[in-house]
Amino acid sequence: MSPAGAVDIAVVQFAPGADTVANLTALRAEVRAASELGAKVVIAPEYSMYAVTRLDERVVKAAEPLTGPFVNGLRGIAAEFGVHLVAGVVEAPGGDQPADRIYNTLVAATPNAEFAAVYRKVHLYDAFGFQESELVLPGPLDPPQTFTVDGVVFGMQTCFDLRFPEGIRRIADTGAHVLVLPAQWIPGPGKVDQWTTLLRARAIENTMYVAASDQAAPRGSGASMIIAPSGAVLAELGDQPGIATARVDLDQLREVRATNPSLALRRFGIREE
């Protein structure tokens, strides 16, 4: 059992494909293994529901509302293993939104099969020869989505959001202790180095834990990791499927922030447009 103000977490790295049922089955096995390792919060990759190398009309056909079978399955898995589960889904926007678009959405489910938080990706991957905005709607600029487990506050961002420090600073400003970052970090020259550098930078500049879950090869770069508020890497993976675990400890976070009170010393804030 974790002491007060401490939570054992896991990032699971697997290789989802275009079969949503198979992806849910694979994710269940990963969550089961993570729970057996003691994790109370389990983070799965972006596009855990449906993953291809390049988005096309298939992803629109695969999209479901948050009341659909995949998200219901996620909530059931969270309840089955008594964990908070975060995973990336392909959401059909519904309402008056275009029928040929999706949201790239993170769902956080509770051990009671409820929604803890929902985040729709804000910064779309229109870079490195990709154009996510052709099919994906940007999420609304709402207040940061957070959830709390045993006194530890978790905030959520997705993949390309990592390159925009102001969005993550907003999460730190809410009082979050951990940044949860699912990704499908597309492989390419220098991409793993950029990923690891940016993850550690976000941890150091915000003096917060970072838990990043990437897809395994071949559609992701791998290198999922959990990073301490000091920037030290607590656990990491290569490019193959696996699970990395670590403990989030608020006493250690407070020690880091006492030694390096950069959040308290800053002289500029984030202004929303």
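The model shown is predicted, which means the values in this text are computed figures rather than measured ones. (Residues numbered from 1 in each chain as written. Predicted model: local features only at pLDDT ≥ 70, side-chain atom pairs only at ≥ 80, totals over all residues. Heavy atoms only, no water.)

(A) Broad picture of the pattern of salt bridges. Going through the model one piece at a time under the given rule, you end up with 11 salt bridges. Put simply, aspartate 100 and arginine 101 hold a salt bridge, and the shortest N to O gap is 3.3 Å. Its salt-bridge partner being arginine 254, residue aspartate 251 comes within 2.7 Å of it at the nearest N-O pair. Placement of both aspartate 251 and arginine 254 in helix α6 (residues 250-259) is noted, with a separation of three residues, approximately one turn of the helix. Connected via shared salt-bridge partners are Glu46, Lys121 and Glu132. (Salt bridge = Lys/Arg side-chain N within 4 Å of Asp/Glu carboxyl O. Helix = DSSP H or I, 4+ residues; strand = E, 2+ residues; numbered from the N terminus.)

(B) Quick peek at empty space enclosed by the protein. Applying the stated criterion across every chain, the model contains one cavity of 30 Å³ or more. Its volume calculated, the largest cavity comes out at about 40 Å³. Tyr125, Cys159, Phe160, Arg163, Gln184, Trp185, Ile186 and Lys191 are the residues that line the largest cavity. Considering only residue class, the lining of the largest cavity consists of five nonpolar, one polar and two charged. (1 Å grid on protein atoms, 1.4 Å probe; cavity = no way out; pocket = protein on both sides within 12 Å on 5 of 7 lines; lining within 4 Å. Points joined across faces, edges and corners; volume = space filled by probe spheres on them. Nonpolar A, V, L, I, M, F, W, Y, C, P; charged D, E, K, R; others polar.)

(C) Expanded view of the sheet that holds strand β11 (residues 225-227). Taken in spatial order, the six strands line up as β7-β8-β9-β10-β11-β12 in an open sheet, and their pairing is mixed. Two strands lie at the open edges of the sheet, namely β7 (146-149) and β12 (233-236), each paired on one side alone. Direction aside, the axes of adjacent strands within the sheet are offset by 20 degrees on average. Where strand β10 (residues 209-214) meets β11, three bridges bridge the pair, whose relative direction is antiparallel. (Pairing = 2+ DSSP bridges. Axes fitted to C-alpha atoms, helices over the stretch in contact; angles between N-to-C directions.)

(D) Geometry of the nonpolar core. Core analysis: the largest hydrophobic core is formed by 37 residues, its most contacted members being Leu27, Val31, Val42, Leu74, Leu85, Val89 and Val90. Elements supplying a minimum of two residues to this core: β1 (6-13), α1 (20-36), α2 (57-62), α3 (69-81), β3 (84-91) and β4 (102-109). Top element by residues in this core is α3. It accounts for six residues. Excluding anything up to four places from it in sequence, leucine 27 contacts Val12, Phe14, Ala44, Leu74 and Ala87. Formed by 29 residues, the second largest nonpolar core is a distinct cluster that contains Ile43, Val86, Ala117 and Ile226. (Core = buried A, V, L, I, M, F, W, Y, C linked by side-chain atoms within 4.5 Å. Buried < 20%, exposed > 50% of the residue type's maximum accessible area, 1.4 Å probe, protein only. Contact = heavy atoms within 4.5 Å.)

(E) Inspection of the layout of surface pockets at higher detail. By volume, the largest pocket amounts to about 450 Å³. Forming the boundary of the largest pocket are 22 residues, of which Val122, Leu141, Asp142, Gly167 and Arg170 lie nearest the centre. Those elements giving two or more residues to the lining of the largest pocket turn out to be β5 (115-120) and α4 (165-173). Broken down by class, the residue content of the lining of the largest pocket amounts to 10 nonpolar, five polar and seven charged. When its volume is computed, the second largest pocket comes out at roughly 230 Å³.

(F) Structural context of the packing of α4 against helix α5 (residues 191-206). Across the interface, α4 lies against α5 with an axial gap of 10 Å and an inter-helix angle of 40 degrees. Judged by the inter-axis angle, α4 sits oblique to α5. Relative to α5, the crossing made by α4 is right-handed. Every residue of α5 that contacts α4 at Pro165, Ile168, Arg169 and Ala172 is listed here: Arg202, Glu205 and Asn206. (Parallel < 35°, antiparallel > 145°, perpendicular 65-115°, else oblique. Left-handed = near helix turned anticlockwise from the far one by under 90°.)

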